[in-house]
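One letter stands for each residue in the lines below.
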Amino acid sequence: MPNIHIRPPWFLPEAEATPESIYLRRRAFLAAAAGALIFPSIGCAQDFPAGKGPLDKTVKYPTKVVRNGKYKLDRPLTKDVIAASFNNYYEFTINKTAVWPLAQKLTTEPWTVELAGCKKKGKHDLAKLLKALPQEERLYRFRCVETWAMAVPWIGIPLKKFVEWAEPPASAKYMRFETLFRPKEMPGVDFRASFPYYEGLRIDEATNELPLLATGIYGRTMPKQNGAPIRLIVPWKYGFKSCKSIVKISFVEKQPATFWNVAAGNEYGFYANVNPEVAHPRWSQANEWMIPSQMERRKTLMFNGYGEQVAGLYKGMDLKRYF
Ligand code: MTE
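Note that this is a predicted model, so its numbers are computed, not measured.

1. What to know about the site of the ligand
Reasoning step 1: What surrounds the ligand is a group of 18 residues, the closest being Tyr-90, Glu-91, Asn-226, Arg-231 and Lys-244.
Reasoning step 2: Contact distances for the ligand include 2.8 Å between a nitrogen atom and a side-chain N or O atom of Glu-91.
Reasoning step 3: Within the side chain of Lys-244, a nitrogen or oxygen atom sits 2.6 Å from an oxygen atom of the ligand.
Reasoning step 4: Considered on its own, the ligand offers 540 Å² of accessible surface; in the complex 98% of this is hidden by protein.
Reasoning step 5: Because more than half of its atoms lie within 2 Å of the grid, the ligand is assigned to the largest cavity.
Reasoning step 6: Residue composition of the shell around the ligand, by class: nine nonpolar, six polar and three charged.

This is how it looks when you write it as C-alpha cells:
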C-alpha cells in the first residue's frame, strides 16, 4: 500500500450531513484513536488488591469444556490479567487500560442474538442457544492491527458448527455481525453516530475450521471487557475483525460494509488478513510485540501462522489489493 495518508471516504459527506459539534467531536475521536493505534499504552497493571482486579468478578466456566489439542502455540500464553486489562473496546473508551473498570457496568444477562437470512431466523435466547451447540477450548495467537499480540485460550462454538445449525440458503455468500449499542452502559458511544460496531466475513471464511463464537477465556466466562457474552475470534485476521458483544448475525448475498472500512477505508480493508508484507499506511506490519512488553518482539507470521488452514481461501487473489 502507498505510504500516504488519503482522506478517508467519510471526510466530506459526513461534514455535510452531521451537525458541526458532533462532526468535530467525531473527528477528534478518530484522531485520538489513530494516535492510540500508534502509541498503545504499555502500562498494564498486573497486581490488583483482592476483589478489585479485572478477573475477580468473572465466573469460572460453569460447564466442562474440553481443550482441542490440535491448535498448538509457538509462544507462551499471555498472563490472564494482562489479556483482561489491556483491551480495545471503543464503545467504552479508547484508553486500553481503562476499558475493564468501565465495562463492569455492562448487563450481559439475559442476552438475545437475532438471526436473519437463515432457517433459524428470529431472536434467540443465548443461554438456550449455548445448550444446543458444542463448545471447546482452543489456544490461538491473536494479532491486533496496531502490532501488539497475545496468545490466549478461548472457549467457544466453532462458527462452522453454528452456520450448519443456522441453515442459511445457498445464496448466502457472506455473514454480517452487529454488536451491542447501549449508550446508558457504554460511555464511549453517546455521541458517536457510527456505532454500533459491525463486521463481516465471506461464508467460506466463516465455515473454515478456525473461527469461534467465543464465550470464554482462560477457563472463565468471557470478561465484559473482552466482549461478553459472545464475540467473534478469527485468528488469522487482525483483531478488529473479532467483534465483541454480538447481538445480530445475518446471512447476506453481498459483501457487507464494516465499521473500520467505512471509517477509514484506505487503512482497514474488508479482508484484514495478518500479512507481514502489506504495511499499514502509517506503520510496518513486519513485526509484532507481545503484551505487556514492547521488548518481546517477534516477526509477524503470514496469516498469523494459520496459512495451512486458510491460505487456500485466497488462492489467486492479490492480497495487496484485497488487504
Ligand atoms: N468489538 C467491538 N464491539 N468494539 C471494539 O472497539 N475492538 C476490536 C475487537 N473487537 C472492538 C471490538 C479490536 S481493534 C481488537 S484488537 C480486539 O477487539 C481486542 O480484543 P481484546 O480486548 O479481547 O484483546
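Read on, since the account is not over.
2. Quick look at unusual backbone geometry
A negative phi holds for most residues other than glycine; trans holds for most peptide bonds.
Reasoning step 1: Here the amide bond leading from Phe-195 into Pro-196 is cis, since omega sits at 10 degrees, within 30 degrees of zero.
Reasoning step 2: Relative to the helices and strands, Pro-196 resides in the loop between β5 (174-179) and β6 (198-202).
Reasoning step 3: Residue Thr-147 is not a glycine yet carries a positive backbone phi of 95 degrees.
Reasoning step 4: If you trace the backbone, Thr-147 turns up in the loop between β3 (136-143) and β4 (148-158).

3. Description of empty space enclosed by the protein
Reasoning step 1: A full pass over the atoms with the stated rule returns two cavities of 30 Å³ or more.
Reasoning step 2: Lining of the largest cavity is provided by 24 residues; of these, Asn-88, Tyr-89, Tyr-197, Gly-239 and Phe-240 occupy positions nearest its centre.
Reasoning step 3: In the lining of the largest cavity, the residues fall into 14 nonpolar, six polar and four charged.
Reasoning step 4: Taken as a whole, the second largest cavity encloses approximately 160 Å³ of empty space.
Reasoning step 5: Considering only residue class, the lining of the second largest cavity consists of 11 nonpolar, five polar and one charged.

Definitions and limits used
- Residues numbered from 1 in each chain as written.
- Predicted model: local features only at pLDDT ≥ 70, side-chain atom pairs only at ≥ 80, totals over all residues.
- Heavy atoms only, no water.
- Near = heavy atom within 4 Å.
- Polar contact = N/O pair within 3.5 Å; in protein donor to acceptor, adjacent residues only side chain to side chain.
- Areas by Shrake-Rupley, 256 points an atom, 1.4 Å probe, with all protein chains shown as cover.
- 1 Å grid on protein atoms, 1.4 Å probe; cavity = no way out; pocket = protein on both sides within 12 Å on 5 of 7 lines; lining within 4 Å.
- Sits in = over half its atoms within 2 Å of the grid points.
- Nonpolar A, V, L, I, M, F, W, Y, C, P; charged D, E, K, R; others polar.
- Helix = DSSP H or I, 4+ residues; strand = E, 2+ residues; numbered from the N terminus.
- Points joined across faces, edges and corners; volume = space filled by probe spheres on them.

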